[in-house]
Amino acid sequence: MLGNIGTIFREKLLVPALVVSLTILAGCGGGVEDTSNDNGGQQSGDKLSLDMNLPDSLTGGTQSTAVRGQLALAAASASSGPCAFQGVDDDNPFRNGYQMTKFMVSAVATWTCVADVLIDVADWIAHDGIIHETDNDKASDNYDPENPTHYSVTDDSDTQTTIRLYYGYDRSAPPQVGDDPQFFISWNEAADGNIEGRLIIDGMGVNPDRRDPEDPTMMRMDFNDDGSEKTADMFLRFDDGNQWAEGFRIQVDKDLNANPLRKVFLARGMIEMKAQFLPADGITEIPTVQMYTVSDSFGNGAAIAEFRDLSLPLELNANTNNHLGNYLFTKTDVYFFEDDEDWDYVNKTITAAEYRGGRTTPATGGTWIPFDPSLDLIITELALDPAYFTGSLCADVGDDCTDLLNAVFVDGFAGQEPNQGTDPQDWRSEAIADPAYLTTVYPNGVDWTGAFDFVFTPSF
């Protein structure tokens, strides 16, 4: 049911992340090198790093592909290393809560790694605020629109540094100081060691000719490290080109003082929807998609994916106009996982379901082969109450149909795993017992106003 949606989000979130990370590294190659300690040179002491040391069970592990090899070469002088993570291992990151976790956490791992690479590179580039050309000349035969054409590095204060990358400019008409960049990262390291910063990417401005209308238009990641907790908070905005999503937020926290055998990592995700994945007559509600995951430092954890107010049209046979009807439901997907990425416990539950009309399935006379079942066959196959589809048992619009949809999903509907295993009743059970989901995809809580302004003012 959700396979095509998962493919879309995987391509639109992860693939551009890897492409842009390559262009950043390549783009600094033609810059002005300055290794003096007083002007952007290599700094002494501990290196600033956003790396959370996320376990492979959350990211899928680093990729052993050509992309990873290119990144390794490009970042050979940087301590951060390759920034390509495997993420989900199939085409449907919405298959269960755990796949959704790897999908979203691998994106955060990629971008924190990219930020670390840029922070390292900045140690070797003059912090003079001048907009410099890169080796990527728009007038040359080997011009690559996915690489920046200009960049600058600025010290905003004794503790704050900003990098700006510009794309698609001619050398005869370069960007000017004050022009918005297409890629922006600014960070501040206070005297007490607290770190905070922001990364912003203009998805419309980086190689617009090859942009898919369903791609995010803007991306922002806020990052913080106060010595007791590290946080990366990612916001993605979509426009009218994406028919389902308005925004996507992913937040990952690491408790630096936690017992390593209990909850160290907390990952939360939320998709602000603007339409149903599968539109159905009689349903006008807009769904919400939530994710909540906990993990210890070794990668043992548990994930919840919750789909609220999701529509489900159950057409059984289009040729005979056999339609079991349209349903509005809320589904909670609980998945306990181990450090080797295997499952401990899988439990998918329909917590609410309501019939919204459209049923044409005959009461009797249907067949399984060819597939054209009648209500009596469905009742027997799914072990429903013999009086189901009559009276108040999922017969009329507004009736509760939770038993029906639970029976549909329990054995692994649409390629999903069946429910299996038992709740281990360990720290994970307690940690996800009352999940505190994200409440908004917007940085200011209500809309996108000011969310992607290319400016960062430290709070300390």
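Residues numbered from 1 in each chain as written. Predicted model: local features only at pLDDT ≥ 70, side-chain atom pairs only at ≥ 80, totals over all residues. Heavy atoms only, no water.

J.: Quick question: what am I supposed to make of the packing of aromatic side chains here?
T.: Under the counting rule described, the total for this entry stands at 14 aromatic pairs. Between tyrosine 166 and tyrosine 169, the aromatic rings sit 6.2 Å apart at their centres with planes inclined by 80 degrees, giving edge-to-face as the arrangement. The buried category is assigned to tyrosine 166, whose relative accessible area is 1%. Summarising the aromatic geometry, the rings of tryptophan 448 and phenylalanine 452 are spaced 5.4 Å apart at their centres and angled 35 degrees between planes, so their arrangement reads as tilted. For the residue pair tryptophan 448 and phenylalanine 452, the accessibility class agrees, reading buried in each case. Put simply, the rings of Tyr98, Tyr335 and Phe337 pair up and form one aromatic cluster. Its end group placed over the ring of tyrosine 355, arginine 359 keeps NZ or CZ at 4.2 Å from the ring centre. (Phe/Tyr/Trp six-rings, centres within 6.5 Å; stacked < 30°, edge-to-face > 60°. Buried < 20%, exposed > 50% of the residue type's maximum accessible area, 1.4 Å probe, protein only. Lys NZ or Arg CZ within 6 Å of the ring centre and 35° of its normal.)

J.: Sorry if this is basic, but what is going on with the pattern of salt bridges here?
T.: Close approach of charged atoms lets side chains of opposite charge pair. Following the criterion strictly, the structure yields 13 salt bridges and no others. The residue glutamate 133 makes a salt bridge to arginine 171 at a minimum N-O spacing of 3.6 Å. Note that glutamate 133 is positioned in strand β1 (residues 132–133) and arginine 171 in the loop between β3 (160–166) and β4 (183–189), a separation of 38 residues in sequence. Judged by relative accessible area, which is 32%, arginine 171 ranks as partly exposed. A salt bridge links aspartate 137 to arginine 171; the shortest N-O distance between them is 3.9 Å. Here aspartate 137, found in the loop between β1 and β2 (150–155), pairs with arginine 171, found in the loop between β3 and β4; they are 34 residues apart in sequence, far enough to count as distant. (Salt bridge = Lys/Arg side-chain N within 4 Å of Asp/Glu carboxyl O. Helix = DSSP H or I, 4+ residues; strand = E, 2+ residues; numbered from the N terminus.)

J.: Could you clarify how one ought to interpret the environment of glutamate 381 in this entry?
T.: Turning to its location among the elements, glutamate 381 is positioned in helix α5 (residues 375–381). A relative accessible area of 53% places glutamate 381 in the exposed class. When the C-alpha atoms of glutamate 381 and valine 408 are compared, they prove to be 9.9 Å apart, with 27 residues separating the residues in sequence.

J.: Can you walk me through the environment of proline 287 in this structure?
T.: Of note, proline 287 is situated in the loop between β9 (265–273) and β10 (288–295). Under the relative-accessibility criterion, proline 287 is labelled buried at 2%. Taking C-alpha positions, proline 287 is 4.7 Å from aspartate 309, a pair spaced 22 residues apart along the chain.

J.: I keep staring at empty space enclosed by the protein and nothing clicks. Help me out?
T.: Empty space among the atoms becomes visible once a probe the size of a water molecule is rolled across them. Tallying each qualifying case throughout the model produces one cavity of 30 Å³ or more. Size it by volume and the largest cavity reaches roughly 40 Å³. Elements that contribute at least two residues to the lining of the largest cavity include exactly β6 (218–225) and β7 (229–237). For the lining of the largest cavity, the element with the most residues is β6, which contributes three residues. (1 Å grid on protein atoms, 1.4 Å probe; cavity = no way out; pocket = protein on both sides within 12 Å on 5 of 7 lines; lining within 4 Å. Points joined across faces, edges and corners; volume = space filled by probe spheres on them.)

J.: Could you clarify how one ought to interpret the confidence of the model for the chain in this entry?
T.: The predicted coordinates ought not to be read in detail in places where the model reports low pLDDT. The predicted model of the chain averages 84 in pLDDT, with 84% of residues at 70 or higher. Across the chain, the secondary-structure element scoring lowest on mean pLDDT is helix α3 (residues 66–74), at 33, and the one scoring highest is helix α7 (residues 427–431), at 97. Throughout residues 1–45 the model reports pLDDT below 50, and contacts reaching past four residues in sequence, or to other chains, amount to 122 contacts. Across residues 65–81, where pLDDT falls below 50, the model places 27 contacts with residues more than four positions away in sequence or in other chains. (pLDDT = per-residue confidence, 0-100. Contact = heavy atoms within 4.5 Å.)

J.: Just checking my understanding: could you explain unusual backbone geometry for this structure?
T.: Residues other than glycine predominantly adopt negative phi, and peptide bonds predominantly adopt the trans conformation. Between isoleucine 369 and proline 370 the backbone carries a cis peptide bond, its omega angle lying at 0 degrees. Along the polypeptide, proline 370 turns up in the loop between β13 (343–355) and α5. Look at glutamine 425: it is not a glycine, yet its phi comes out positive at around 55 degrees. Following the sequence through the fold, glutamine 425 ends up in the loop between β14 (420–421) and α7. A relative accessible area of 60% places glutamine 425 in the exposed class.

J.: Help me understand the state of the cysteines in this model?
T.: Under the defined criterion, the tally for this structure stands at one disulfide. Covalently, cysteine 394 is tied to cysteine 401 through a disulfide, its sulfur atoms 1.9 Å apart. Because the torsion about its S-S bond is 100 degrees, the bridge between cysteine 394 and cysteine 401 counts as right-handed. Relative accessible area serves as the criterion here: at 0%, cysteine 394 is assigned to the buried category. (Disulfide = S-S within 2.5 Å.)

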